[in-house]
Amino acid sequence: MKKMLSGIKPTGELHLGNYIGALRNFVKYQDDYDVNVFIANLHTITFPQDPEEINKYLHDAIGLYLACGLDKDRATIFLQSDVLEHANLGFILACHTYEGELDRMTQYKDRKSKGAEGLSAGFYTYPSLMAADILIHDADFVPVGDDQKQHVELTRDLAQRMNNRYGKLFNVPEPLIQKVGARIMDLQDPTRKMSKSDQSDKGCIYLLDSVKSARKKIMSAQTDSLAQVKYDVENQPGISNLLTIYASIADVSIEDAEAKFKDYRYGDFKKAVADVVVALLEDIQGKFNDIVQTDIISETLASGKAKAQAYASKKLKLVNETLGIHI
Ligand code: TYM
């Protein structure tokens, strides 16, 4: 069975972009792949965090993984910091990553171009840690939203570089990026990606938002004055984003969604989008509230840690031996 691996960084509550671009696909793949998903908590400290908050987000993220349908008996669900081998391989891979490659990473370039100062070395080298997350488990496929594609490409380059230099050490993974929903946009500024780190959260729907607030965010989403429900990202980014959200949740094509709402006024169209989002949130939150009453989260992490570590420690041993670090 092919191995699928992915992770989410718990720097805030998980949002609809994480769900549509990543999480719901992890769930779908459970039937056909050996699914491995983790919480990338080491990645959160590339920027300063409040330890209590980060712990709550992490706990909620595991609860949400389960509430969205990941099955702890079929998938391996674990915490990145529980498998120390990730960080160890991360350093080894950082030693094989060129400075120029890290300079070209969009997230780093964006921050730099906005004049960010005091960026940490951890943030700069984070793509090497992400590569380690993937390579230490020999993943075949990495389902991600399209903002992570560049990181998976660097991962492939690193795997190939290591294999050329030392003989076959790693599987070369492939990104899995969906055609619809790989980049859900902010509801208030549909030219920007929906993101947990936004200043204002009016444009971001969190999976644990109250349904009242989620409905309000959709109803006040930015649109345009063209008065036609049409998928045209350039001229109608807000409407196109709402069509994408609807199509992804209702599991229909963009064309079918467009045809369905062709004669709708914007208010009625938004109401239909809000209805599917609210139904989704009600379902997820109902399950989440049951899960947090039980010990399932700690049981999930304990069994996930054992399985993930068993694989990662063998892989790290092989890498260490190959590089002459430890024989
Ligand atoms: P993170 O936490 O930013 O996002 C988690 C996943 O959600 C996707 N995503 C989106 N998809 C569609 N629309 C959006 N607005 C949107 N926002 C986020 C992301 O593409 C991602 O798939 N570096 C990673 C975490 C990570 C990882 C890994 C992922 C660490 N190691 C190894 C895969 C494999 C990150 O910060 O994702």
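The model shown is predicted, which means the values in this text are computed figures rather than measured ones.

1. Overview of the pattern of salt bridges
Across all of its chains, the model carries 18 salt bridges by this definition. We note a salt bridge from R183 to D146, for which the minimum N-O separation is 2.8 Å. With R183 in the loop between strand 5 (174-176) and helix 10 (211-219) and D146 in the loop between strand 4 (141-143) and helix 9 (149-166), this residue pair connects regions lying 37 residues apart in the sequence. Overall, R183 belongs to the partly exposed group, its relative accessible area being 38%.

2. A closer look at the packing of helix 10 against helix 13 (residues 266-291)
At a minimum axis separation of 9 Å, helix 10 and helix 13 run at an interaxial angle of 150 degrees. Compared by their axis directions, helix 10 and helix 13 come out roughly antiparallel. The crossing of helix 10 and helix 13 is right-handed. Facing V211, A214, R215, I218 and M219 of helix 10, the residues of helix 13 in contact are G267, K270, K271, V273, A274, D275, V277, V278, L281 and E282. Tallied by class, residues from the contact of helix 10 with helix 13 come to 9 nonpolar, 1 polar and 5 charged.

3. Topic: the domain arrangement of the protein
When its domains are assigned, the protein resolves into domain 1 (3-177 + 295-323) and domain 2 (211-289). Here the C-alpha centre of domain 2 lies 30 Å away from the C-alpha centre of domain 1. Each partner contributes residues to the interface: domain 1 has 9 residues there, and domain 2 has 8 residues. Of the roughly 790 Å² buried where domain 1 meets domain 2, counting both sides, 79% is carbon and sulfur surface. It is L16, I20 and A67 that lose the most area in domain 1 upon contact with domain 2, and together they represent 52% of the buried surface on that side. Our enumeration of links across domain 1 and domain 2 arrives at 0 salt bridges. In this assembly, domain 1 and domain 2 are joined by 1 residue pair in polar contact (both at pLDDT 80 or more). Partitioning the side of domain 1 that touches domain 2 into residue classes produces 6 nonpolar, 1 polar and 2 charged.

4. A short note on the pairing of strand 3 (residues 76-79)
Burial along strand 3 is two-sided: T76 and F78 facing one way and I77 and L79 facing the other are all buried. Strand direction decides the pairing type here: strand 2 (residues 34-39) and strand 3, joined by 4 bridges, are parallel. In the strand pairing of strand 3, N36 is matched with T76.

5. A short note on the site of the ligand
Neighbouring residues of the ligand: 28 residues in total, closest K9, D133, G145, D147 and I184. For the ligand, a nitrogen atom lies 2.8 Å from a polar atom in the side chain of Y126. Look at the ligand: alone it shows 710 Å² of surface, and the protein chains cover 98% of it. Considered class by class, the residues forming the shell around the ligand number 12 nonpolar, 10 polar and 6 charged.

6. So, the pairing of strand 2
Summarising burial for strand 2: 5 of the 6 residues are buried, a large majority. Crossover handedness for the path strand 1 (residues 3-8) to helix 1 (residues 16-29) to strand 2: right-handed.

7. Some remarks on unusual backbone geometry
Within the chain, D138 stands out as a residue other than glycine whose phi angle is a positive 50 degrees. D138 gets classed as buried once you look at its relative accessible area, which sits at 13%. We note that D251 has phi near 60 degrees; this positive angle belongs to a residue other than glycine. Looking at the element boundaries, D251 is found in the loop between helix 11 (237-250) and helix 12 (254-260).

8. A word on empty space enclosed by the protein
Applying the stated criterion across every chain, the model contains 1 cavity of 30 Å³ or more. Looking at the largest cavity, its volume works out to about 40 Å³. Residue lining of the largest cavity: M105, Q107, Y108, F123, Y124, Y126, P127 and H151, and that is the complete set. Put simply, the parts of the chain that give the lining of the largest cavity at least two residues each are helix 6 (106-113), helix 7 (121-124) and helix 8 (126-135). Grouping the constituent residues of the lining of the largest cavity by class yields 6 nonpolar, 2 polar and no charged.

9. Some remarks on helix 8
Residue pairs three or four apart in sequence face the same way in an α-helix, which turns once every 3.6 residues. In terms of burial, helix 8 is largely enclosed, as 10 of its 10 residues are buried. Listing the buried residues of helix 8 in full gives Y126, P127, S128, L129, M130, A131, A132, D133, I134 and L135.

The rules behind these values
Residues numbered from 1 in each chain as written. Predicted model: local features only at pLDDT ≥ 70, side-chain atom pairs only at ≥ 80, totals over all residues. Heavy atoms only, no water. Salt bridge = Lys/Arg side-chain N within 4 Å of Asp/Glu carboxyl O. Helix = DSSP H or I, 4+ residues; strand = E, 2+ residues; numbered from the N terminus. Buried < 20%, exposed > 50% of the residue type's maximum accessible area, 1.4 Å probe, protein only. Axes fitted to C-alpha atoms, helices over the stretch in contact; angles between N-to-C directions. Parallel < 35°, antiparallel > 145°, perpendicular 65-115°, else oblique. Left-handed = near helix turned anticlockwise from the far one by under 90°. Contact = heavy atoms within 4.5 Å. Nonpolar A, V, L, I, M, F, W, Y, C, P; charged D, E, K, R; others polar. Domains from an automatic or database assignment. Buried area = accessible area lost by both parts, 1.4 Å probe. Polar contact = N/O pair within 3.5 Å; in protein donor to acceptor, adjacent residues only side chain to side chain. Pairing = 2+ DSSP bridges. Near = heavy atom within 4 Å. Areas by Shrake-Rupley, 256 points an atom, 1.4 Å probe, with all protein chains shown as cover. Right-handed = clockwise from strand over helix to strand, strands pointing away. 1 Å grid on protein atoms, 1.4 Å probe; cavity = no way out; pocket = protein on both sides within 12 Å on 5 of 7 lines; lining within 4 Å. Points joined across faces, edges and corners; volume = space filled by probe spheres on them.

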